[in-house]
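Structure assessment
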Amino acid sequence: MAAKIPTRLHLDEEEIPKYWYNLRSAMKEKPQPILHPGTLEPIDAAGLEAVFCQEPVKQELDETTPLIPIPEGIQDFYRAYRPSGLIRAYFLEKVLGTPAEIYYKFEGTNTSGSHKLNSAGPQAYYAKEEGLRSLTTETGAGQWGTAMAMACAFYGLDLTVFMVKVSAEQKPYRKTLIETYGAELIPSPSETTEAGKAILAQDPHTTGSLGCAISEAIERAMKTDKCRYVLGSVLNHVMLHQSIIGQEAKAALDKYGISPDIIIGCAGGGSNLGGLIAPFMGDKLAGKSQARFIAVEPISCPTFTRGRYAYDFGDTGKTTPLIKMMTLGSGFIPAGSHAGGLRYHGMNSTLSKLFVDGYIEARSERQSEVFDAAVQFMKVEGILPAPESAHAIKAAMDEALECKKTGEKKVILFGLSGTGYFDLSAFMAYNDKTLKDHVPTQEELDRGFASIPDIPQNSSMEK
Ligand SMILES: *Cc1c(COP(=O)(O)O)cnc(C)c1O
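From a predicted model like this one, the values you see are computed outputs, not experimental measurements.

Thresholds applied
- Residues numbered from 1 in each chain as written.
- Predicted model: local features only at pLDDT ≥ 70, side-chain atom pairs only at ≥ 80, totals over all residues.
- Heavy atoms only, no water.
- Pairing = 2+ DSSP bridges.
- Helix = DSSP H or I, 4+ residues; strand = E, 2+ residues; numbered from the N terminus.
- Axes fitted to C-alpha atoms, helices over the stretch in contact; angles between N-to-C directions.
- Salt bridge = Lys/Arg side-chain N within 4 Å of Asp/Glu carboxyl O.
- Buried < 20%, exposed > 50% of the residue type's maximum accessible area, 1.4 Å probe, protein only.
- Contact = heavy atoms within 4.5 Å.
- Near = heavy atom within 4 Å.
- Polar contact = N/O pair within 3.5 Å; in protein donor to acceptor, adjacent residues only side chain to side chain.
- Nonpolar A, V, L, I, M, F, W, Y, C, P; charged D, E, K, R; others polar.
- Arc of directions from axis to C-beta.
- Phe/Tyr/Trp six-rings, centres within 6.5 Å; stacked < 30°, edge-to-face > 60°.
- Right-handed = clockwise from strand over helix to strand, strands pointing away.

**With respect to the sheet that holds strand 5 (residues 134-139)**
In spatial order, the strands read 7-6-5-8; together these 4 strands make up an open sheet with parallel pairing. Either end of the sheet is taken by a strand with one partner, and the two such strands are strand 7 (184-188) and strand 8 (227-229). Neighbouring strand axes in the sheet, compared pairwise and without regard to direction, differ in orientation by 20° on average. Across 5 bridges, strand 6 (residues 158-164) lies against strand 7 in parallel orientation. Note that in strand 7 the partner of valine 164 across the bridge is serine 188.

This is the structure:
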């Protein structure tokens with residue numbers, strides 16, 4: 001038996017994995033294809049390339065290649081802030097008095113503050129390689145916009161970020177950071193696009209929404225020469241890039257002969273969870289592991305736990321291709337919460353399929369309890385977690401406490417997707433005891449479900 005496991009499970013720079021892992025390659029039953037919203041036929045590369053960059057489109061449609069090489073130019077980018085830490089939570093185990101071993105993979109050490117840089121880098125790299133001059137995107141809470149601004153500065157591309165107006169006003173430091181990295185930031189809705197003008201004409205005082213910002217960003221990309229649109233979650237190529245998280249975690253754990261029994265992540269669109277679990281789920285699908293996988297979402301936006309498995313649009317404007325996924329309906333508007341990155345109606349199609357087939361468990365949590373867990377964690381482990389990431393902390397602590405009851409010495413791995421330095425207003429509300437927990441009524445959910453398109457593929461929809 002090896003000596004005591006160190007607090008930091010070290011990987012040398014040259015041990016950073018050189019391949020992304022394509023989880024779909026291990027699935028006997030693949031997720032359903034993406035459909036063109038007009039023809040309702042599976043969309044091909046040409047259809048997606050109107051909006052997205054070529055190489056990411058190829059990755060999006062590839063469901064058979066297990067290991068996809070990370071180009072040198074992206075490996076260089078990753079080396080600036082990777083490997084990310086894999087930490088044994090000795091102090092948390094001690095305060096919980098649990099026999100379980102708890103490990104977390106911390107993605108918050110880069111300036112953007114989250115895992116999103118892992119896909120922003122590749123998406124900017126591929127855009128530059130194919131000769132594009134600029135990119136557009138949207139950002140809600142600001143993490144993705146910051147990550148893209150960093151990546152575009154690094155690879156030498158112009159970037160326009162449509163930031164949901166209320167976020168731009170509430171998070172002036174995020175806005176400043178994005179602009180300092182050189183991106184153009186436009187609060188959305190704006191007068192710069194037809195989509196924005198139409199929404200402003202209806203409601204001049206609207207605070208904006210992610211759905212509207214997406215429509216504006218896509219419109220700008222379509223109308224600009226040598227420009228494409230990039231998305232920071234949900235799609236399979238984004239999850240592929242995020243598999244660097246799981247690849248590193250597995251490489252470090254393997255060095256010490258550790259294999260996790262329970263793997264936990266927070267789920268917004270599914271990219272950090274999917275990236276973390278990818279190689280471990282591959283082992284499970286191959287019959288080599290009995291690990292359990294747990295997705296954690298806010299009770300206010302219960303995509304897995306109360307959603308439906310159906311073809312749906314990615315945006316409120318109903319302009320994107322249709323994805324078969326767990327969804328609350330593109331018209332579902334989640335109550336305001338401090339976990340902005342988890343306020344999305346849909347879920348990555350691969351994770352949705354694995355959930356429906358019983359390979360992933362899901363639970364939803366109240367933000368008041370999530371913040372209790374966050375504060376307990378930060379007091380002993382020292383790291384200020386993002387509110388999104390704190391959902392995973394809560395579930396990891398619950399599982400560790402379960403082990404305390406049963407006396408089982410399970411190995412728990414969770415994803416700590418980011419830091420909370422830009423979320424201090426959320427901690428302010430926690431300290432002032434003004435955090436609210438909204439549990440959507442069935443009526444509210446039904447209103448969202450009513451926005452799911454009524455197409456033949458949805459007629460046998462699981463209710
Ligand atoms: C965006 C974000 C999430 C949610 O996005 P996923 O695609 O589900 O990973 C989670 N945590 C942090 C810190 C984020 O910024």
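Now that the structure has been shown, we can carry on.
**Remarks on the pattern of salt bridges**
Scanning all chains against the criterion turns up 28 salt bridges. Among the salt bridges present, the one from lysine 409 reaches glutamate 101, with a minimum N-O distance of 2.8 Å. In this pair, lysine 409 is assigned in the loop between helix 16 (387-406) and strand 14 (411-416) and glutamate 101 in strand 4 (residues 101-106), connecting sequence segments 308 residues apart. Using a relative accessible area of 55% as the deciding quantity, one classes lysine 409 as exposed.

**Focus on the sheet that holds strand 14**
With respect to topology, 6 strands assemble into an open sheet ordered 3-4-14-9-10-13, the strand pairing being mixed. The sheet is open, and its two borders are formed by strand 3 (85-88) and strand 13 (361-365), each paired with just one other strand. Geometrically, the sheet is characterised by an average inter-axis angle of 20° between neighbouring strands, direction not taken into account. Against the sheet, helix 11 (residues 236-255) touches strand 3, strand 4 and strand 14, its axis set at about 140° to strand 4. With respect to the sheet, helix 16 is in contact with strand 4, strand 9 (262-266), strand 10 (292-298), strand 13 and strand 14, its orientation differing from that of strand 9 by roughly 150°.

**A closer look at the environment of lysine 284**
Along the chain, lysine 284 turns up in helix 12 (residues 271-285). It is 29 Å that separates the C-alpha atoms of lysine 284 and isoleucine 74, two residues lying 210 residues apart in sequence. Other than its neighbours up to four places away in sequence, lysine 284 contacts Ser289, Gln290, Ala291, Phe293 and Tyr359.

**Observations concerning the site of the ligand**
Near the ligand you find 19 residues, and of these Lys116, Ser233, Gly268, Ser271 and Asn272 are the closest. A distance of 2.6 Å separates an oxygen atom of the ligand from a polar side-chain atom of lysine 116. Along the lines of polarity and charge, the residues of the shell around the ligand split into 4 nonpolar, 13 polar and 2 charged.

**Re helix 18 (residues 442-449)**
Among all positions of helix 18, only Leu445, Gly448 and Phe449 are buried. An end-on view of helix 18 places all buried positions within 100° of arc, on one side of the element. Residues of helix 18 that are exposed and point over 90 degrees away from its buried face: Glu443 and Arg447. Considering only its buried residues, helix 18 is in contact with helix 13 (303-306), strand 11 (308-312) and strand 12 (323-327).

**Examining the environment of proline 387**
Along the polypeptide, proline 387 turns up in helix 16. Between the C-alpha atoms of proline 387 and valine 161, which are 226 residues apart in sequence, the distance is 23 Å. Setting aside anything within four residues of it in sequence, one finds proline 387 in contact with His338, Ala339, Val370, Phe371, Asp423 and Ala426.

**Some thoughts on the packing of aromatic side chains**
Under the counting rule described, the total for this entry stands at 14 aromatic pairs. For the pair tyrosine 104 and phenylalanine 377, a centre-to-centre distance of 5.2 Å together with 70° between the ring planes defines the contact as edge-to-face. Highlighted residues: tyrosine 104 in strand 4 and phenylalanine 377 in helix 15 (residues 367-381), separated in sequence by 273 residues. Taking relative accessible area as the criterion, tyrosine 104 reaches 1% and is therefore assigned buried. Residue class for phenylalanine 377 comes out buried when judged on its relative accessible area of 0%. A centroid spacing of 5.4 Å and a plane angle of 25° characterise the contact between tyrosine 104 and phenylalanine 414, whose relative ring orientation is stacked.

**Section: the pairing of strand 6**
Within strand 6, 6 of the 7 residues are buried, leaving the element largely enclosed by the surrounding structure. With 6 bridges joining them, strand 5 and strand 6 adopt parallel strand pairing. If you follow threonine 136 over to strand 6, its bridge partner there is threonine 160. Between strand 5 and its parallel partner strand 6, the chain crosses via helix 6 (residues 143-155), and the hand of that crossover is right-handed.

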